[in-house]
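Here is how the chains run, residue by residue.
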Amino acid sequence: MRAGVLSDTHNLLRPRVLELLAGCDRILHAGDIGQPEILERLRQIAPVTAVRGNTDTGATAELPEVLTGDLDGLPFGMVHRREDVDRAWRGRLRLVVFGHSHRPELEWQGSCLLLNPGSCGPRRFHLPL
């Protein structure tokens, strides 16, 4: 399975992001999506699982704050902010996805990988896209 992971699009879905997601079997979006059209465009590539970010309003505000699931046998969880990662998840999940900070992160905590893909929307601060 090939999973695409993104966060913090803030209503901007760059053509390069769409190119990189081509061929994915599933897409995880860790919040601050913007308009629901962003999710609709992503669904043209693969099924999308998404959580609500702190700037999501309207239809995207209806998304869950916390989500757990399975990626082809890999148990995962997703929230928008790292500080909302449930410590109990780390004992039973293998992957936790979050966003919010716009800083890419990859950290093992025991057998659980914590992943922040960073932001692929408008550039903020001096952080990489």
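Let me sum up the structure you'll find in this document. (Residues numbered from 1 in each chain as written. Predicted model: local features only at pLDDT ≥ 70, side-chain atom pairs only at ≥ 80, totals over all residues. Heavy atoms only, no water.)

Strand order in the open sheet formed by 3 strands is β1-β2-β3, and the pairing between neighbours is parallel. Lying at the two open borders of the sheet, with one neighbouring strand each, are β1 (3-6) and β3 (48-50). Neighbour to neighbour, the strand axes of the sheet diverge by 15° on average, direction disregarded. Alignment of strand β2 (residues 26-29) against β3, held across 3 bridges, turns out to be parallel. (Pairing = 2+ DSSP bridges. Helix = DSSP H or I, 4+ residues; strand = E, 2+ residues; numbered from the N terminus. Axes fitted to C-alpha atoms, helices over the stretch in contact; angles between N-to-C directions.)

Another aspect to go through is the environment of Asp72. Looking at where Asp72 falls in the secondary structure, it is placed in the loop between β4 (67-71) and β5 (74-78). As a C-alpha pair, Asp72 and Glu107 span 35 residues in sequence and 21 Å in three-dimensional space.

To continue, consider the side chain of Thr60. Its place among the elements puts Thr60 in the loop between β3 and β4. Side-chain polar atoms of Thr60 contact the side chain of Asp56, separated by 3.5 Å. In this view, Thr60 contacts Ile33, Gly34, Gln35, Pro36 and Arg52; residues no more than four positions away in its chain are not counted. (Polar contact = N/O pair within 3.5 Å; in protein donor to acceptor, adjacent residues only side chain to side chain. Contact = heavy atoms within 4.5 Å.)

We now examine the sheet that holds strand β6 (residues 95-97). One open sheet accounts for 5 strands, arranged β4-β5-β6-β8-β7; its pairing is mixed. A strand with exactly one partner marks an edge of an open sheet, and here the two such strands are β4 and β7 (105-109). On average, each strand axis in the sheet is tilted by 20° relative to the strand beside it, whichever way the strands run. When β7 meets strand β8 (residues 112-116), the two strands line up antiparallel, connected through 5 bridges. What sits directly across from Glu107, in β8, is Leu114.

Attention now goes to the pattern of salt bridges. If the charged atoms of two oppositely charged side chains come close together, the side chains can form a pair. Following the criterion strictly, the structure yields 6 salt bridges and no others. The partner of Glu65 in a salt bridge is Arg52, and the shortest N-O contact between them spans 2.5 Å. Pair noted here: Glu65 is in the loop between β3 and β4 and Arg52 is in the loop between β3 and β4, with a separation of 13 residues, a long-range link. Residue class for Arg52 comes out partly exposed when judged on its relative accessible area of 22%. One salt bridge in this structure joins Arg82 and Glu107, with 2.7 Å as the shortest N-O distance. Of this pair, Arg82 sits in the loop between β5 and α3 (89-92) while Glu107 sits in strand β7, and the two are 25 residues apart along the sequence. When salt bridges that share partners are traced, they join Arg81, Glu83 and Asp84 into one network. (Salt bridge = Lys/Arg side-chain N within 4 Å of Asp/Glu carboxyl O. Buried < 20%, exposed > 50% of the residue type's maximum accessible area, 1.4 Å probe, protein only.)

We now examine helix α2 (residues 36-43). When α2 is considered as a whole, its buried residues turn out to be Ile38, Leu39 and Leu42. Viewed along the axis of α2, the buried residues span an arc of 95°, placing them on a single side of the element. On its buried face, α2 is in contact with β1, α1 (15-21), β2 and β3. (Arc of directions from axis to C-beta.)

The next thing to look at is the nonpolar core. Within the largest apolar cluster, 16 residues are counted, with the highest numbers of intra-cluster contacts made by Leu6, Leu13, Leu21, Ile27, Leu39 and Leu42. Broken down by secondary-structure element, the contributors of at least two residues to this core are α1, α2 and β3. With sequence-adjacent residues up to four places away left out, Leu39 is seen in contact with Ile33, Val48, Ala50 and Leu63. Of all hydrophobic cores here, the second largest spans 11 residues; its members include Leu28, Val51, Leu71 and Met78. (Core = buried A, V, L, I, M, F, W, Y, C linked by side-chain atoms within 4.5 Å.)

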